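Here is how the chains run, residue by residue.
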Amino acid sequence: PPRGEYIETDTGNKVARKATLVGTQNIMLGGKTVIQPDVMIRGDLARTIPSSHSSAGGSAGGSGGPGGSNTAVAIGRYCFLSRGCCLRPPGRVYKGVFTHMPLRLGDHVYIGPGTVVQAAQIGNHVHIGAKVVIGEFAIIKDYVKVLDGSVVPPNMVIPSFSIVAGQPARIIGEIPEGGIEAFELRELYKTVGNNPVPATG
Amino acid sequence: MFGNNRLPAFHPGLTQSRIRDTTSGKSLWFPGLRSPPSESSSDPANDQLPITPEDYFYDSTPMAPFNPYTYIRCPCSELNPYAKRTPDVTAQGLSRAAQDDDDHTFDPRAARSNYSLYPLEYLSFCEDCHQIRCPRCVAEEIVCYYCPNCLFEVPSSNIRSEGNRCTRSCFQCPICIGPLAVNHVETPPDPNQLLSPDHATSSHNGSYILSCSYCNWSSTEIGIKFDKPNSIHMQLAKLRNGGETRLTAKERKERRKEQASQGGNGGSNQREEDLDTVLDMETQFANLKSFYQNQLSDANGTGKAGGDASAALGNLGFDAPASLSRIMSLYTGSSSLHDKKSKSRPGTMREALAPSEGLQLASLDESSAITALQDFESTTGLDAYSSTASTSQLQSQAPYLGASPLHGLTRFTSSLRPIPYLLRTKRSKRCPQCRHIISKPESKVTTTRFRIRLIAGNYIPTITIKQLIIPGLTPPPMPNQPPDTIAPLQPAQFVLTFKNPIFESVRVTLATPATTPGRFPAKVTILCPQFEIDSNTDAWEEVLNTNNTPTSSSQNLSSSTGPEGAPGGRKRAGTLRPGTAGGASLAGEELGPEVGKVWDKGRNWTSIVIEVIPASLVQTAKRDGKGPIKEDEDVLEIPMFVRIEWEAEAPEDEIMPGLGGAGKGNNKEGGGKEKRELAYWCVLGLGRVARTL
């Protein structure tokens, strides 16, 4: 059988063969996530615990039990990582040691092409545009839309229902109550993969 | 008023823009933002004088792709206010309103219509009035206040005193308006003072600073350091740029009270104050204000426990009932509200005579300020241009909170202070007429759910637009033009898909003027102006129904009377659509859209075709002499009047006795079914017309 462009797991994740996932033990994917080609996920930038707890030998896609792998990147369900984007866990000096903190994405997060994400936490139903830079330890809450080309400075907190743009990024508007449905990515998930369903409308 | 940090949900007066969001493929409407500069700069008429008159009109630079949009006009902006006063849902009431609309066809390019057009996601729907509500006509109430940075809820009682800003440690950089973080700075201890008893209590050798991670500004640039990493707002209020202390309002009041009590004891020493003492702005303001309040109370107090009562009255301001009655008595003259004692004594007021009362002699010698400006680079070694505060930076400064008002007093960034974050709100919306709550978020800041959320998307059909390309009929796209541009003077077809969100089938009637209003009229024809859309049942329900009765869908269609007939039009090969699965009996393999027939139909949607013949831009613009084609004048916009009718279940207790047949519900059938109607104008933005002709 011909090799498809995507690997489809049993939980519904569609990972492109040409995507670069480093340190896959520390990357957790929720179900039905799409990872397009040329995406880079740095799972090797994990937390380095100075004590003798070792993270080696953890189970693949570990469950986080005692002695399990520590998560560098955790992604929720129905996420969509477009071409060329990069997810890197943020790092800083913590208790005298430079270490990385986990990067957590929620559900229904769309990341546009060419975007670099170094946030600490991204909530649910977030739409990030193309060529966006999200600085370290930024916190993005739910239902946020980051427009193309914006640069979110480090440590910025973006509250829910915001529209953010600019360099440095500022909150320039609010998502109306009727705009919530537009963040759903179920339809987009179906359009990608080895047997894509063409997009409607 | 609050500077750039204000959160605009809607900005009246600014043009709407159609920002193309290329990633999602949808047109992103945005209140208050102008079109991205790349699109206007491509029009040579906007930048400089054209080389030849032809260059006015020919535009060969490709522009960003155009995404078709639908804007809906809220009925709150109708010229006739009486039409909306009575929420009359019968056919008679709305046809009257429709006639008014027919008389003035909606012109989307009129300046006034800019304020009433909204995309569907911005509109709400009032269930009682059965009317669309837009952000302009809806009444908002504040549910809670919170800081957008720390997401900490601020009780509404504290709001007014703090100036609507966060009072914890959330600040914005004065230079780039990015977030500031509290950082620890290790100060090497002074070896000489390690053992001195003063070292432990020195207050300005604190070891925390605010720093910006975007522009690398830090509070050391204005000479401010903090002792504790929390409650920075309080510490900042006590510090000036450069490290000197500053008095808060409370401390100033206490000092003045002490001075007043001392002055009473000190006797005549107070009169010989030095007139040249320089006060800072806040102290001067406070002295002046208390002086004038004393003057006011002295003029009207008549010595009646002069201290407490009239001073209390003086503090009330201009809209207090006591001062209002006082001011009104000036006009009425012979009012009985005043006693005669105060009338006989016309209050004499004087101006301030000493710095303690707020007098500041103006220093007309500005040479020091001038030399500070001229020699800035040599004295400080910094680049003068980047050290000058820009207008937007000055405007973003918080007024009267830890900063003396900067307007006109200083020009340098070294006097800018960190800006506390403006608080953000969660608001609930109410219908302005029936006071029904339309939208209500949860009062908890971190929750994103809504208790009540009535949005228009759940009541009126969604319209999506796509260009119809029939191989063999549609002309090929023009070379050198971006996709989705429409060729002038040639018919082009567009498919409009109406998706029905409610659980009843609706009948839609469309109307549009034969030519679009505006400078470049286009001829518009709707091939099927009246059609029905099926109800939004679940997919499973529909499949179960078609299994039982294979031709049920076609039977429903043929039984309904009206000009729809059986749906014609081509089926797209290769795609299996629910709803037409059992429709093999549906006729129509003809190519091309037919008049009077629906293009395609599905479970809860219907597609129809409209045909447009745009005018030629270049020739019309040359002939009418109104100048070059302005930005976005080449967009083909069609105003369309949409009328939807459906039957809804009306429970018995809603029907008010006594109204009889003249009111609602003429066509009640057994189960209490009520015929409902809704009509509104909308604008379809189809595409840009190419400037080839």
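As recorded in an unreviewed UniProt entry, chain B goes by the name Dynactin subunit 4, listed as coming from Sordaria brevicollis. UniProt's Sequence similarities (unreviewed entry) comment on chain B is quoted here verbatim: "Belongs to the dynactin subunit 4 family."

The name that an unreviewed UniProt entry assigns to chain A is Dynactin subunit 5, with the source organism given as Sordaria brevicollis. Regarding chain A, the relevant UniProt record gives this comment under Sequence similarities (unreviewed entry): "Belongs to the dynactin subunits 5/6 family. Dynactin subunit 5 subfamily." According to UniProt, the comment filed for chain A under the heading Subcellular location (unreviewed entry) is "Cytoplasm, Cytoskeleton".

Undergrad: A description of the state of the cysteines should follow, citing residues and the corresponding values.
TA: Residue and element names in this part refer to chain B. If you walk through the whole model with that rule in mind, you get zero disulfides over all chains. Considering cysteine sulfurs only, Cys150 is the nearest to Cys170, which forms no disulfide, with 3.4 Å between them. The class for Cys170 is buried, based on a relative accessible area of 5%.

Undergrad: Describe the interface of chain A and chain B, with residues and values.
TA: At the interface, 35 residues of chain A touch 30 residues of chain B. Buried surface at the junction of chain A and chain B, both sides included, amounts to about 3000 Å², of which 60% is carbon and sulfur. Where chain A touches chain B, the interface holds four salt bridges. A salt bridge links Arg424 of chain B to Glu174 of chain A; the nearest nitrogen and oxygen atoms lie 3.9 Å apart.

Undergrad: Break down the sheet that holds strand E8 (residues 153–154) of chain B for me, citing the residues and quoting the values.
TA: Residue and element names in this part refer to chain B. The strand order E8-E7-E13-E14-E15 describes an open sheet built from five strands, whose pairing is antiparallel. Of all strands in the sheet, those with a lone pairing partner are E8 and strand E15 (450–453), marking the two edges. In terms of strand pairing, strand E13 (residues 424–430) meets strand E14 (residues 437–441) through two bridges, oriented antiparallel. The partner of Arg430 across the bridge, within E14, is Ile437.

Undergrad: Account for the pattern of salt bridges, with residues named and values stated.
TA: Tallied over the entire structure, the rule returns 20 salt bridges over all chains. A salt bridge links Arg449 of chain B to Glu442 of chain B; its shortest N-O distance comes to 3.9 Å. For Glu442 of chain B, a relative accessible area of 17% translates into the label buried. Salt bridges sharing common partners tie together Glu174 of chain A together with Glu140, Arg424 and Arg427 of chain B.

Undergrad: Before we move on, can you summarise helix H19 (residues 617–624) of chain B with the specific residues and values?
TA: Among all positions of H19 of chain B, only Leu617, Val618, Thr620 and Ala621 of chain B are buried. Looking one or two places after H19 of chain B, you find Gly625 of chain B, whose phi comes out positive at around 65°.

Undergrad: Before we move on, could you go through the pairing of strand E19 (residues 506–511) of chain B and cite the residues and values that matter?
TA: Residue and element names in this part refer to chain B. Burial along E19 is one-sided: the face carrying Val506, Val508 and Leu510 is buried and the face carrying Arg507, Thr509 and Ala511 is not. Here E19 runs beside strand E21 (residues 530–533); their pairing, made up of four bridges, is antiparallel. Considered in E21, the bridge of Val508 is made with Phe531. Both E19 and strand E24 (residues 635–649) contribute to a ladder of six bridges, which runs antiparallel. Bridge pairing links Arg507 to Glu645 in E24.

Undergrad: Break down the sheet that holds strand E20 (residues 151–152) of chain A for me, citing the residues and quoting the values.
TA: Residue and element names in this part refer to chain A. Strand order in the open sheet made by the six strands is E3-E6-E9-E14-E17-E20, with parallel pairing throughout. Strand pairing shows two members of the sheet lacking a second neighbour, strand E3 (20–22) and E20, which therefore form its edges. Pairing between strand E17 (residues 133–134) and E20: two bridges, direction parallel. Paired with Val133 across the strands is Val151, a residue of E20.

Conventions used here
- Residues numbered from 1 in each chain as written.
- Chains lettered and ligands numbered in written order.
- Predicted model: local features only at pLDDT ≥ 70, side-chain atom pairs only at ≥ 80, totals over all residues.
- Heavy atoms only, no water.
- UniProt positions renumbered as here; feature names shortened; annotations may be inferred.
- Disulfide = S-S within 2.5 Å.
- Buried < 20%, exposed > 50% of the residue type's maximum accessible area, 1.4 Å probe, protein only.
- Contact = heavy atoms within 4.5 Å.
- Buried area = accessible area lost by both parts, 1.4 Å probe.
- Salt bridge = Lys/Arg side-chain N within 4 Å of Asp/Glu carboxyl O.
- Pairing = 2+ DSSP bridges.
- Helix = DSSP H or I, 4+ residues; strand = E, 2+ residues; numbered from the N terminus.

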